[in-house]
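Below, each chain spelled out in residue letters.
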Amino acid sequence: ATPTEPAATATETPAAEPPAGDPAAPAPSDTLVRGASAAGGGGACASPTSAAQRACLLTLLEREDAQLTSSYAALIVELRRRAGAGDGGGEPEAVQALRREQRAWLAERDATCARQSRGREGELWAPVRARCLGALGVARAAELDARRRG
């Protein structure tokens, strides 16, 4: 596993919608879809095909998860430093535990966003899914940063 693994599992879940507290949320706006396309998703975010929406999600999630990925990597560096681990040694138990925890958190994040959208997703689900995953990622990044400082 690498420090970039936080975004890895989001490709497994194909539908999206806003968080649970917003039951009447609209489908992604034309502005969001155009913005997503301009952000590097090309026409993928405007196409309702499954392959296009997955490509759109990956593009958007890369941007949405940038802080999470950075925070995760920084915590790994700090945990290694605290354990006195050099570059050539094995992974300290604290790093192994964090990797297990992060994989479980990623699976739960994906499941949460899928649950929140069940029965309400539209054809252009990727931008909304990326927002849900991103919002949870921001909170997780803050948690990881606090652990690194603490």
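Quick note: structure is the one above.
Notes on the structure in this doc start here.

What counts and what doesn't
Residues numbered from 1 in each chain as written. Predicted model: local features only at pLDDT ≥ 70, side-chain atom pairs only at ≥ 80, totals over all residues. Heavy atoms only, no water. Salt bridge = Lys/Arg side-chain N within 4 Å of Asp/Glu carboxyl O. Helix = DSSP H or I, 4+ residues; strand = E, 2+ residues; numbered from the N terminus. Buried < 20%, exposed > 50% of the residue type's maximum accessible area, 1.4 Å probe, protein only. Axes fitted to C-alpha atoms, helices over the stretch in contact; angles between N-to-C directions. Parallel < 35°, antiparallel > 145°, perpendicular 65-115°, else oblique. Left-handed = near helix turned anticlockwise from the far one by under 90°. Contact = heavy atoms within 4.5 Å. Nonpolar A, V, L, I, M, F, W, Y, C, P; charged D, E, K, R; others polar. Core = buried A, V, L, I, M, F, W, Y, C linked by side-chain atoms within 4.5 Å. Polar contact = N/O pair within 3.5 Å; in protein donor to acceptor, adjacent residues only side chain to side chain. Disulfide = S-S within 2.5 Å.

**Considering the pattern of salt bridges**
Applying the stated rule across the entire model yields 12 salt bridges. Between E78 and R81 there is a salt bridge, and its shortest N-O distance comes to 2.5 Å. Taken together, the residues E78 and R81, both in helix 3 (residues 66-83) and 3 residues apart, mark about one turn of the helix. When its relative accessible area of 15% is taken as the criterion, E78 is described as buried. Given a relative accessible area of 56%, R81 falls into the exposed group. Here R100 and E93 are joined by a salt bridge, their closest N and O atoms 2.7 Å apart. Put simply, E101, R140, E143 and R147 are held in one network by salt bridges that share partners.

**A word on the environment of L60**
On the secondary structure map, L60 appears in helix 2 (residues 50-64). L60 gets classed as buried once you look at its relative accessible area, which sits at 4%. Each C-alpha atom, one on L60 and one on C45, is 9.2 Å from the other, the two residues being 15 residues apart in sequence.

**As for the environment of R54**
Among the secondary structure elements, R54 is positioned in helix 2. Judged by relative accessible area, which is 32%, R54 ranks as partly exposed.

**Observations concerning the packing of helix 3 against helix 5 (residues 126-149)**
Helix 5 packs onto helix 3 with a crossing angle of 20° between their chain directions and a minimal axis gap of 9 Å. Here helix 3 lies roughly parallel to helix 5, going by the angle between them. Here the hand of the crossing between helix 3 and helix 5 comes out left-handed. The residues of helix 5 that touch helix 3, namely those facing Q67, L68, S71, Y72, A74, L75, E78 and R82, are G137, R140, A141, L144, D145, R147 and R148.

**Things to note about the packing of helix 3 against helix 4 (residues 93-117)**
Helix 4 packs onto helix 3 with a crossing angle of 160° between their chain directions and a minimal axis gap of 9 Å. Considering the angle they form, helix 3 stands roughly antiparallel to helix 4. Helix-helix and strand crossings are classified by hand; for helix 3 and helix 4 the assignment is right-handed. Packed against helix 3, whose contacting residues are L68, Y72, L75, I76, L79 and R80, the element helix 4 presents A94, V95, L98, R99, Q102, W105 and R109 at the interface. Broken down by class, the residue content of the contact of helix 3 with helix 4 amounts to 9 nonpolar, 1 polar and 3 charged.

**As for the nonpolar core**
In this structure, C56, L57, L60, A126 and L133 are the most contacted members of the largest nonpolar core, which totals 13 residues. Broken down by secondary-structure element, the contributors of at least two residues to this core are helix 2 and helix 5. Top contributing element to this core by residue count: helix 2, with 5 residues. With 11 residues, the next largest nonpolar core counts L68, I76, L98 and A141 among its residues.

**A word on the side chain of R109**
In this fold, R109 is placed in helix 4. Within the local environment of R109, its side chain forms a polar contact with the side chain of D65, the two groups lying 2.9 Å apart.

**Describing the state of the cysteines**
Disulfide: a covalent bond formed between the sulfur atoms of two cysteine residues. Throughout the structure, instances matching the rule amount to 2 disulfides. Sulfur-sulfur distance for the disulfide between C45 and C56 comes to 1.9 Å. Its torsion about the S-S bond being 95°, the disulfide of C45 and C56 is classed as right-handed. On the criterion of sequence distance, the pair formed by C45 in the loop between helix 1 (30-41) and helix 2 and C56 in helix 2 is long-range, its members being 11 residues apart. As far as burial versus exposure is concerned, C45 and C56 are alike and both buried. Here C113 connects covalently by a disulfide to C132, the sulfurs 2.0 Å from one another. Sign of the S-S torsion, about -95° for the bond between C113 and C132, identifies this disulfide as left-handed. Residue C113 is found in helix 4, and its partner C132 is found in helix 5; the two are separated by 19 residues along the sequence. Taken as a pair, C113 and C132 share a single burial class, namely buried.

All we've got here are geometric facts, nothing functional implied.
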